[in-house]
Amino acid sequence: MNYMMEIVYLFSSVLFIMGLKGLSHPESARRGMHMAEAGMLFAVIGTLVGKQIVTWEWIIAGIAVGSAIGAAMAIFMPMTAMPQRIALSHAFGALAAVLVGINEYIEKGHLGEITNGLMGALGFEVLFGALTVTGSLMAFAKLNEMVKGAPITYKGQNLVNVSLFFVTVGMFLYLIFNPYDYAIFYTMIALSFLIGVFIVLPIGGADMPVVISLMNSYAGLAAAATGFAIDNKVLIIAGSLDGSSGFILSIIMSKAMNRSFTNVLFGAVGTPQVDTSKLAEERPIQRIGIEDAKFVLEQAERVVVVPGYGMAVAQAQHTVRELSDELEKRGTKVEFAIHPVAGRMPGHMNVLLAEANVSYDQLLEMEVINPTMDTVDVCIVIGANDVVNPAARTEKASPIYGMPIIDVDKAKTVIVMKRSMASGFAGIENPLFYEPNTKMLFGDAKNVMQELVAEFKKV
Amino acid sequence: MDILTVLPFLLMIFVVAILLGTEVISKVPSILHTPLMSGSNAISGITVVAALVAAGEGHNWVSTLLGTAAVAFAMINVVGGYLVTNRMLSMFKKHEEPKP
Amino acid sequence: MPFSIDPIYILILAGFVGFEIIKKVTPTLHTPLMSATNAISGISLVGSLVAAGSDHLTGQVLGFVAVTAATINVVGGFMITERMLKMFRKREKKS
Amino acid sequence: MTFLAEMVYIAAAVLFVVGIKRMSAPATARKGNLLSSLGMFLAVLGTLIHFRILTPEFILLGMVIGSAAGAVLARVVKMTEMPQMVALLNGFGGLASLLVGWAEYHKNPSADLYTAVTTFLTVVVGGLTFSGSVIAWAKLKEVMTGKPILFRGQQTLNAAVLLSVFAGGVLFSMDPANNYPIFIALVGVGLLLGVTSVIPIGGADMPVVISLLNSYSGIAGCLAGFVIQNTVLIVTGSLVGASGIILTNIMCKAMNRSLANVLFSGFGSVTAKASAGEKGEVKSLTAPDAYALLEAAGSVLFVPGYGLAVAQAQHACHELAALLEKNGAEVAFAIHPVAGRMPGHMNVLLAEANVSYDLLKEMDDVNPGIDAVDVAVVIGANDVVNPAAREDASSPIFGMPIINVDKARTVIVMKRSMAAGFAGIENPLFYKENTRMLFGDAKAVLQELVSEFKRT
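Predicted, not measured: the structure shown is a model, and the values here were computed from it.

Undergrad: Let's hear about the overall build of chain C: which residues, and what values?
TA: From N to C terminus, chain C includes 4 helices and 0 strands. Listing every helix and strand of chain C by position from the N terminus yields α-α-α-α. Taking all 95 residues of chain C together, 73% fall into the buried category. Taking as baseline every contact in chain C between residues at least 6 positions apart, the subset at least 24 positions apart corresponds to 61%. Summed over all atoms, the accessible surface of chain C reaches about 2900 Å², with 66% contributed by carbon and sulfur.

Undergrad: Tell me what's going on with the nonpolar core, and back it up with residues and numbers.
TA: Among the nonpolar cores identified, the biggest contains 336 residues, and A:Phe16, A:Ile380, D:Leu294, D:Phe302 and D:Phe333 are the most heavily contacted of them. Counting residues per element, this core draws most heavily on helix H4 (residues 61-91) of chain B, which supplies 13 residues. Residues within four places of D:Phe302 in sequence aside, it is in contact with D:Cys317, D:Leu320, D:Ala321, D:Leu324, D:Val331, D:Ala332, D:Phe333, D:Ala334, D:Val377 and D:Ile379. Counting 31 residues, the second-largest nonpolar core is a separate cluster that includes A:Met253, A:Met257, A:Val388 and A:Val408.

Undergrad: An account of the side chain of D:Ser217 is requested, with residue identities and associated values reported.
TA: Residue and element names in this part refer to chain D. Secondary-structure assignment places Ser217 in helix H8 (residues 206-227). The class for Ser217 is buried, based on a relative accessible area of 2%. At 2.9 Å, the side chain of Ser217 and the backbone oxygen of Asn214 are in polar contact.

Undergrad: I'd like to hear about a nonpolar patch on the surface, residue by residue, with values.
TA: Nonpolar side chains collect at one region of the surface, where D:Leu38, D:Phe41, D:Leu45, D:Leu48 and D:Ile49 lie side by side and expose about 450 Å² of accessible area between them. Checked against the element boundaries, D:Leu48 lands in helix H2 (residues 26-50).

Undergrad: Run through the interface of chain A and chain C, naming residues and quoting values.
TA: In this assembly, 13 residues from chain A lie in contact with 10 residues from chain C. Linking chain A with chain C are 1 salt bridge, by the criterion used here. With a closest N to O distance of 2.5 Å, A:Lys21 and C:Glu20 form a salt bridge. The set of elements that each furnish at least two residues to the side of chain A that touches chain C consists of helix H1 (3-22) and helix H9 (233-256) of chain A.

Undergrad: Talk me through the interface of chain B and chain A; I want residue IDs and the actual numbers.
TA: Each partner contributes to the interface: chain B provides 83 residues, whereas chain A provides 105 residues. Between chain B and chain A lies a buried interface of about 8300 Å² when both sides are counted; carbon and sulfur atoms form 74% of it. Scanning the region where chain B abuts chain A turns up 0 salt bridges. For the pair chain B and chain A, the interface holds 0 residue pairs in polar contact (both at pLDDT 80 or more). Mapped onto the side of chain B that touches chain A, the elements with two or more residues apiece are helix H1 (3-25), helix H2 (33-44), helix H3 (47-56) and H4 of chain B. The element contributing the most residues to the side of chain B that touches chain A is H4(B), with 28 residues. The residue inventory of the side of chain B that touches chain A, partitioned by class, reads 50 nonpolar, 27 polar and 6 charged.

Undergrad: Can you lay out the packing of helix H4 (residues 57-87) of chain C against helix H3 (residues 56-76) of chain D for me, pointing to particular residues and giving the numbers?
TA: The axes of two packed helices give the description: the angle between them and the distance between them. It is the contact of H4(C) with H3(D), at a shortest axis distance of 7 Å, that shows an interaxial angle of 30°. Between H4(C) and H3(D), the angle falls in the class roughly parallel. Remark: the crossing between H4(C) and H3(D) carries right-handed chirality.

Undergrad: Any details on the pairing of strand E2 (residues 330-335) of chain D? Residues and values, ideally.
TA: Residues and elements named next belong to chain D. Across the 6 residues of E2, 5 count as buried, placing the element largely inside the fold. Summarising the sheet, strand E1 (residues 299-304) and E2 pair through 4 bridges and their orientation is parallel. Within E2, the residue paired with Leu301 across the bridge is Ala332. Relative to strand E3 (residues 360-362), E2 runs parallel, the two sharing 3 bridges. The residue bridging Ile335 from the neighbouring strand is Glu362, located in E3. Taken together, E2, helix H14 (residues 345-352) and E3 form a β-α-β motif whose crossover is right-handed.

Undergrad: So, the confidence of the model for chain C: which residues are in play, and what are the values?
TA: Atom-level detail of predicted coordinates should not be read off regions where pLDDT is low. All names here are of chain C. Looking at chain C, the pLDDT average stands at 74 and 88% of residues meet or exceed 70. Within chain C, no element has a lower average pLDDT than helix H3 (residues 44-52), which sits at 73, and none a higher one than H4, at 79. Taken over the whole predicted complex, pTM reads 0.79, whereas the ipTM for its chain interfaces reads 0.73.

Undergrad: Just give me the short version of the pattern of salt bridges, but keep the residues and values in it.
TA: Two side chains of opposite charge can pair, provided their charged atoms sit close to one another. Using the criterion set out here, one finds 24 salt bridges over all chains in the structure. A salt bridge links C:Glu82 to D:Arg30, with the nearest nitrogen and oxygen atoms 2.7 Å apart. Linking C:Glu82 in helix H4 with D:Arg30 in helix H2, this pair reaches from one chain into another. For C:Glu82, a relative accessible area of 22% translates into the label partly exposed. One salt bridge in this structure joins D:Asp374 and D:Arg409, with 2.5 Å as the shortest N-O distance. Taken together, the residues span a long stretch of sequence, with D:Asp374 in the loop between helix H15 (363-366) and strand E4 (375-379) and D:Arg409 in the loop between helix H16 (388-391) and strand E5 (410-415) at a distance of 35 residues.

Undergrad: How would you summarise helix H4 (residues 82-111) of chain A if you had to cite specific residues and measurements?
TA: Residue and element names in this part refer to chain A. The end-to-end C-alpha distance of H4 is 44 Å, a good match for the 44 Å that 30 residues give at a rise of 1.5 Å each. Buried residues dominate H4, accounting for 27 of its 30 residues. Count one or two residues on from H4 and you reach Gly112, which has phi positive near 65°.

Undergrad: Now, about the sheet that holds strand E6 (residues 435-439) of chain D: what can you tell me, with residues and values included?
TA: Paired through backbone hydrogen bonds, the strands of a sheet run either parallel or antiparallel to each other. All names here are of chain D. Strands sit in the order E3-E2-E1-E4-E5-E6 across an open sheet of 6 strands; the sheet is parallel. Lying at the two open borders of the sheet, with one neighbouring strand each, are E3 and E6. The average undirected angle you get between the axes of adjacent strands in this sheet is 25°. Bridging between E4 and E5 involves 5 bridges; their strand directions are parallel.

Undergrad: Tell me what's going on with unusual backbone geometry, and back it up with residues and numbers.
TA: Residues and elements named next belong to chain A. For Gln315, which is not glycine, the phi torsion reads 55° and is therefore positive. For Gln315, the position within the fold is in the loop between helix H12 (309-313) and helix H13 (317-329). By relative accessible area, Gln315 is classed as partly exposed at 34%.

Undergrad: Could you give an account of H8(D), with specific residues and numbers?
TA: Residue and element names in this part refer to chain D. Taking 1.5 Å per residue as the helical rise, H8 with its 22 residues ought to reach 32 Å, and the 31 Å between its terminal C-alpha atoms agrees with that figure. Taken across its 22 residues, H8 has 20 buried, putting it largely inside the fold. Remark: Gln229 follows H8 within two positions and exhibits a positive phi of approximately 50°.

Undergrad: Go over the packing of aromatic side chains with me, naming the residues and quoting the values.
TA: Scanning all chains against the criterion turns up 18 aromatic pairs over all chains. Relative to A:Phe128, the ring of A:Phe124 lies with its centre 6.1 Å away and its plane at 15°, an arrangement referred to as stacked. One end of the pair, A:Phe124, and the other, A:Phe128, are both in helix H5 (residues 116-143), 4 residues apart, so they sit about a helical turn from each other. For A:Phe124, a relative accessible area of 43% puts it in the partly exposed group. With relative accessibility at 21%, the residue A:Phe128 sits in the partly exposed group. Ring pairs connect the aromatic residues D:Trp102, D:Tyr105, D:Phe172, D:Tyr180 and D:Phe183, which therefore count as one cluster. Here A:Lys294 stacks its cationic end above the ring of A:Phe456, 6.0 Å away from the centre of that ring.

Undergrad: How would you explain the sheet that holds strand E2 (residues 333-338) of chain A if you had to name every residue and give the values?
TA: Residue and element names in this part refer to chain A. Spatially, E3-E2-E1-E4-E5-E6 is the arrangement adopted by the 6 strands of the open sheet, whose pairing is parallel. Strands at the two margins of the open sheet, each flanked by one partner only, are strand E3 (363-365) and strand E6 (438-442). On average, adjacent strands in this sheet sit at an angle of 25° to one another, irrespective of strand direction. As judged from the 5 bridges shared by strand E5 (residues 413-418) and E6, these two strands associate in the parallel manner.

Undergrad: Before we move on, could you go through the domain arrangement of chain A and cite the residues and values that matter?
TA: Residue and element names in this part refer to chain A. You can read the domains of chain A as domain 1 (1-76), domain 2 (82-266) and domain 3 (277-458). Between the C-alpha centres of domain 1 and domain 2 there is a distance of 23 Å. At the junction of the two partners, domain 1 supplies 9 residues and domain 2 supplies 10 residues. Taken together, both faces of the contact between domain 1 and domain 2 bury some 840 Å²; the carbon and sulfur share is 77%. Taken together, domain 1 and domain 2 are joined by 0 salt bridges. Per element, the largest residue contribution to the side of domain 1 that touches domain 2 is 7 residues, and it comes from H1.

About the criteria used
Residues numbered from 1 in each chain as written. Chains lettered and ligands numbered in written order. Predicted model: local features only at pLDDT ≥ 70, side-chain atom pairs only at ≥ 80, totals over all residues. Heavy atoms only, no water. Helix = DSSP H or I, 4+ residues; strand = E, 2+ residues; numbered from the N terminus. Buried < 20%, exposed > 50% of the residue type's maximum accessible area, 1.4 Å probe, protein only. Contact = heavy atoms within 4.5 Å. Areas by Shrake-Rupley, 256 points an atom, 1.4 Å probe, with all protein chains shown as cover. Core = buried A, V, L, I, M, F, W, Y, C linked by side-chain atoms within 4.5 Å. Polar contact = N/O pair within 3.5 Å; in protein donor to acceptor, adjacent residues only side chain to side chain. Patch = residues over 30% accessible without salt bridge, like charges linked within 9 Å, V, L, I, M, F, W, Y side chains within 5 Å. Salt bridge = Lys/Arg side-chain N within 4 Å of Asp/Glu carboxyl O. Buried area = accessible area lost by both parts, 1.4 Å probe. Nonpolar A, V, L, I, M, F, W, Y, C, P; charged D, E, K, R; others polar. Axes fitted to C-alpha atoms, helices over the stretch in contact; angles between N-to-C directions. Parallel < 35°, antiparallel > 145°, perpendicular 65-115°, else oblique. Left-handed = near helix turned anticlockwise from the far one by under 90°. Pairing = 2+ DSSP bridges. Right-handed = clockwise from strand over helix to strand, strands pointing away. pLDDT = per-residue confidence, 0-100. Expected span 1.5 Å × (residues − 1). Phe/Tyr/Trp six-rings, centres within 6.5 Å; stacked < 30°, edge-to-face > 60°. Lys NZ or Arg CZ within 6 Å of the ring centre and 35° of its normal. Domains from an automatic or database assignment.

Shown next as C-alpha cells:
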C-alpha cells in the first residue's frame, strides 16, 4: 500500500471527524457536512488512483446506478419518510459490506490465504452486515406499514432467537479455526439474515427509533470489520464513528422512552400493555372552541407548542408555523418543546419543523424548557400524548412511570388538540386531560389549526 | 500477510476512534439527531473504498459482480446520505427579520 | 526502522480525543488535571525501560537516569493528584 | 513487539483516556486517577515482561529511586507550592524523553532519515522542556528573581539559538552516523533554548508558562513514541500535549493576552499607567463594622486571590464562611480562572481548607447573578475584580474577563494598603460608592471577624 494513498485516507479520516464535530451546532452543521463530503471524495479518488484497478467499466456502472438511486431518494423522499429512508440506507450499506466480505472470502480462499485472524474479521463483517440488512428491511417494512407495526410475538420466541443466535456464533467460532469450510460460511450468512428478521419482528412501531439507531450502529461496525479484514484504516475510523453514533443515539432513545436496551430487544413491549389504571373518579373534561382558543392565545405572552407525531401525520406543521407567525406578530413569544422521541427517529420532529421554516432557535429541548414551564401562559399540545402524560411523574402504577416528560401541566393553561378521547399509541390513560387548567380542542389537527389561523387573520 | 502483525495497530486505531466518536457525538444537540444519523450513515458508505478494489482488481467475474453490486449499494448511501443531509440542514434556519 | 504512517494516524486520533475530553474538565479541577496528565506523561518510562535494558553501558546509564526521572513523575504525579482530589469534598450534612 | 504487549498497551491507553474523562466532575475524579495509575502499571508490566530486557538491576534501581523521590515529593509538598512541584515534574518528563532519544541514537547511530529527524526533535523538545521547567521552578520558588530578565539583544540571541537548532537538526539528520558531536551540541542548544525562552517571562505569567511546558512534556513523550514506534507513548503523549495546550489557551484568555504576547514581550514588568482621573474618596471600615454588614447579609460571595494563599488565610476564610452559613447566609466562592499560580490552583487551596466543592463557583456562573449578592468580600485579589477591564478602554487589562464584584450591593475589599496590585494597575473599584476597604493582613482581619461572630 503506497504512502500517498495512506496519506489521502488519513486526510479523509480527519475530514470525517471534523464533519461530525460540525454537527454540534446548526450554524456549523452544513459546513461540517461539506467537509465530510470532501473526505469521501478524496477517499474514493485516492483508492481509484492508488490501487491497481484494472477494469473500469463495472466500477463506473456501479457508481452511476448507486448515485442515481441515492440522489433520487434524497431529493424526492418527503421528510416524514426520513426514518424509512434511513432504514433502507442502513440495509444498503450493510449489504455492500456483506458483498465485499464474501468477495474477500472467495478470493483469499482461492489463494489459500485465509488466516484465523482474517477469518475473525470477515466473520464479524458478514455477521453484522447480514443481520443489519434484513433487520433494517424489516424496520423499513414496519415503518412503511407494509408489515403490521404491532409487535409480532409467538410462544417460545425468545427460545428460538437465542438458539439461533448461539448456533450462528458457534459456526463463527468453528470457522475461525477451519476457515475453508465453505458450506458453513454461507449457512452462517443465511442464518444471520434470519436473525435480522427475527429480532425486529417482535419490536413494535413505537420502538422503531431504538431499532433504527441500533441498526445504524451495526452497519458502522460492519464497515469497521471490513477495515480489519482488508487492513484499511479509514474504514475502521469511519465505521467506528458511525458505530458509536448509532450506539449513543440508541441509548438516548431508550432513556427517553424509559426503557432499558434489553427491554427493547427482548421484551416486545409496544404491545398494548393492558393498562387498567383508570382514574378513580372520572373527572369532567373541559372543551374549548376555536374562538375561545383564539382568545386565550391572544392574551398569552409566552406560548409553547408541543408537537407529536400526530401533527406530522396530519401534515399540520406548516399551519402550525403560520399560527406561530401570527402570534409573534402580536408580540407573543412562541417556542416549540421537542421531546427526544417525538417523531419516528432521533430528532425527527426538528427536521419536520425546520422544513416548515421554523427557526432553529425556537426549537427547545425538553431539559431546557421544563425548568421554566411555570412561566408559560399557554401550552398547545398537538398530536402528542404519552410524552406529556403527568402519570409518568406521579403514578407509580403506570407503565410509563419514570419516563421523562414535558411538564405541560405546569403551564398556566394547556390546550390539547386531539381527534377524540381515545388513548394514545401505547394505550395509556392520560390524566392531563382532566386537569382543571386543561382545555380540549377536538378535531383534525390540520383543520383546527387552519381555522385558528383564519380566526387570527380575520381581525 | 498475516493479520496478526497489523492487528494491534488496527485495534488501537479502532479503540481510539470509538472513544473519539463517543466524545464528538455526545455533543450533538438533539435538534440535529436526524441529520447526524443520515450524515454518519453517508460516512459509513466508506465501504465503497473496499468495494472499488473488489470490483476493479479483475480477478474473476464473481469478484467483479460482487464488487460492482457493493459499489452500487455503497454509492446509494454516499450520494443519497449526503444529499439528504444537506437538504435537511438547509432547512434549519434562524429567524428572518420580522417582516415589516 | 522503516517509516510507517500508522503512528501518525494514532497521533491525530488521540489528539482529537484529548481535545474533546479535556475541554470538558471543569476549571475547578484544572490543577489536579495537570498533575494527572503529568503523571501520565511519565509513560516515557516505557521507553526508558527499553533503553535501560539494552546491552551496552551508555544505553544503560542514560536509561537508568531516564527511568529514575520518569518514575518520579509517575509515582509523584499520581500520589499528589490523589492527595489533592481527596481534599475535594462535598459538604457534610449539617447536624 | 509481541502481540500481547500491544494488547496491554491498548488497555493502558483506554484507561488513561477514561481516567481523564472522569476528571470532569469532582465526584468521579478520584476513581479516574486510580484508573489512570492502573493504566500506567499495566504499561510498565507489559513492557517489562515482553521485551528481552537484559539488565533488570539498573531498571529496578532507577524505579526504586524514582518512586521514593516521587512519593516523598508528593507527601511533603505544600499546596501553595503545587506550581513548583508541577514545574519540576514537567521537567523530569522532558528529561526522560531526552534521555530515551539519546539512548536510542547511541544504540543505533546509523539510523534512517525518519528516525534521525524524530530523534533530533525528541531531544530538542525534551531538553527545552527540562531546562525551561527548571527555570520556571526557580522563579516560582524565588530562588531566582520572579521579575522578567531582559537584556539588550535578547531577541537576537533567541533567534540565533532557534536558528542553530534548525541548522544542527538538518546537519545531523543528513548523516546521523558520523555526527555524534553535532548530536551532543543539539542537546546543549535545546537546553539553552529552554533557558532563554523562560527567563524573560515574569512571575505573573507563570500559569501560562507551566501549562505550555506541560504541553511540551507531552509532545516530547509523543515524539519519543515516534522514535521507538510505540503506540501507547504516542497516544498518551498527544493526550498530555492537548491538555497543556487547552489549559494554556484558557489561561491566556483569562489574562487577556495572546500566547505570542506572553512568550515574547516580557509584559509582567512594564505598564503601570495610573490613569484614574478623579480618584474619589476611599471609604474604609473596621472589623466590627464589617461584622455588622456580614451578619445582616443574606448572600455573601468570597473572591479569593493569591494574596489569600500567601497570607495562609484560607482556613480562617473557611471558618468565616461556615459561621456565615450557620447564620443563614448563602455563601459561595467565586474563582477567577487565573486565581492562584497555575490553572485551578485556588480551588485546590480552598479544598485543602475543607471548603466544599459545590461552593466553588466559576466566574461565568457567578457573574450573571452577581447583582443579587448582598456582600462580596474580595480577599487578596486585585486585577481580577478591576472594573477598568470592562470600562476603561485605555487600561492595559481592558477586555480581560473579570468577576463583576462592583455590581454586588456592597463590596468589602481586604487589602494591606492602597498600593496597586501585581501588575501595577490602578483599581477604580476602591473608589466606588458601594465599596468599603478593610485594611490589614488578610489572615488577622479574617480571624478578627471570626472571633467577632463567635462572641455573639
